[in-house]
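# Coordinates in review
Read off the chains here:
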Amino acid sequence: MASGGDLTLTILGFLNERPMHGYELKARLAALTGHLRPVSDGALYPAITRLEAKGLVERHEEAGTHAARRQVLTITPEGRRQLLRRLREPSDLDISDQSRFFALLAFLSALPGEQEQAEVLRRRLAFLEAPASFFYEGDKPVRIRDEPDPYRRGMLQIARAASRAEQEWLRQRIDELAVAG
């Protein structure tokens, strides 16, 4: 994960779905983002300890499948409030960074109101609709047709296609939420 913020959100999000032990949580995190940003034990377990110290997560022992007992993690009511606040009021970085936004999106259904969900999606849509580029000439974004380097041109083409697909999905989902709400 890029930062403790991502890891905190994903830990709380998964524990909001159900209690689980650390190994299972690590497997769920790896399935969500491990192909991009692996989560090491050296990052995960200190993050869990910090969340526990803040009263957002509780740990208790349960019998394991064999003789060993295992530590099971559960989100607390305060942890759930914190999760919902973070989903409701994501930071600008949570909106602009694709990996962080996808982590947010993975748990957005936890927000109880369709309009709250739609507002988060509208923020992402507005970000994607703003003119931007990886490369600038002065203060203007470089257009695909003006980029002489074939690899940079490829980056711009891929980013444009992904952005258009995401914008289409966002508009569709926002419309669905408007009908539901």
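The residue numbers shown here count from 1 along each chain, following its written sequence. Only residues with pLDDT of at least 70 get local features here, since the model is predicted, and only at 80 or more are side-chain atom pairs given and counted; chain-wide, interface and lining totals rely on the full set of residues. The side-chain numbers reported here are obtained from all heavy atoms of the structure, hydrogens and water having been left aside.

This paragraph deals with the nonpolar core. In this description, a nonpolar core means a group of buried Ala, Val, Leu, Ile, Met, Phe, Trp, Tyr and Cys residues linked to one another through side-chain atoms lying within 4.5 Å. Working definition: with a 1.4 Å probe on protein chains only, accessible area under 20% of the residue-type maximum means buried, over 50% means exposed, and in between means partly exposed. With 36 residues, the main nonpolar core has Ile11, Leu25, Leu29 and Leu87 as its most contacted residues. Sorting the residues of this core by element identifies α1 (4-17), α2 (22-34), α3 (41-53), β3 (69-75), α4 (77-88), α6 (98-107), α7 (114-129) and α8 (150-180) as the ones contributing at least two each. Each helix is a run of H or I in the DSSP string that is no shorter than four residues. Each strand is a run of E no shorter than two, and both are numbered from the N terminus. In terms of residues, this core owes the most to one element, α1, which gives 6 residues. Isoleucine 11 has contacts with Leu25, Leu29, Leu44, Ala47, Ile48 and Leu51, leaving out every residue within four places of it along the chain. Contacts are assigned to residue pairs with any non-hydrogen atoms lying within 4.5 Å of each other.

Turning our eyes to something else, we now look at the packing of α6 against α7. A fitted line through C-alpha atoms serves as each axis, taken over the contacting stretch for helices, and the angle formed by two N-to-C directions is quoted from 0 to 180°. Interhelical geometry of α6 versus α7 gives an angle of 165° and a closest axis separation of 12 Å. Relative to α7, the element α6 is oriented roughly antiparallel. The crossing of α6 and α7 is left-handed. Together, Gln98, Phe101, Leu104 and Leu105 of α6 and Val120, Leu121 and Arg124 of α7 make up the contact between the two elements. In this classification, the charged set is Asp, Glu, Lys and Arg, the nonpolar set is Ala, Val, Leu, Ile, Met, Phe, Trp, Tyr, Cys and Pro, and all remaining amino acids, among them Gly, are polar. Looking at the contact of α6 with α7 residue by residue, the class counts come to 5 nonpolar, 1 polar and 1 charged. Any angle that is under 35 degrees is reported as roughly parallel, and any over 145 degrees as roughly antiparallel; angles of 65 to 115 degrees are reported as roughly perpendicular and all others as oblique. By definition, turning the near helix anticlockwise from the far helix through less than a right angle yields a left-handed crossing, and turning it clockwise yields a right-handed one.

Whether a set of points on the 1 Å grid over the protein atoms alone is a cavity depends on a 1.4 Å probe fitting there but being unable to get out, while an open set qualifies as a pocket with protein on both sides within 12 Å along at least five of seven lines; lining residues are those with an atom within 4 Å of a point. Grid points are joined across faces, edges and corners, and a volume is the space filled by probe spheres set on the points. For the largest pocket, the calculated volume is near 860 Å³. Every residue lining the largest pocket is counted, 26 residues in all, and those nearest its centre are Ala132, Ser133, Ala159, Arg160 and Ser163. Only α7 and α8 provide two or more residues apiece to the lining of the largest pocket. The leading source of residues in the lining of the largest pocket is α8, at 10 residues. Taken together, the residues of the lining of the largest pocket break down into 14 nonpolar, 5 polar and 7 charged.

The sheet built from 3 strands is open, its strands ordered β1-β3-β2 with antiparallel pairing. In the strand order of this sheet, the two ends are held by β1 (20-21) and β2 (57-63), each with one partner. The pairing criterion is simple: DSSP has to find at least two bridges between the two strands. The pairing of β1 with β3 spans 2 bridges and is classified as antiparallel. Opposite methionine 20, over in β3, you have leucine 73 as the bridge partner.

We now examine α6. Among the residues making up α6, those that are buried are Arg100, Phe101, Ala103, Leu104 and Phe107. For α6, the buried positions fall inside an angular range of 155° around the axis, keeping them on one side. To be clear, the arc concerns the directions from the helix axis to the C-beta atoms.

Attention now moves to the environment of glutamine 82. With respect to the secondary-structure elements, glutamine 82 resides in helix α4. Placed 89 residues apart in sequence, glutamine 82 and arginine 171 show a C-alpha to C-alpha distance of 27 Å. Not counting the four nearest positions on each side in its chain, glutamine 82 is found in contact with Leu12 and Leu56.

Let us now look at the pairing of β3. One ladder, built from 7 bridges, connects β2 with β3; its direction is antiparallel. Its bridge partner lying in β3, arginine 59 is registered against leucine 73.

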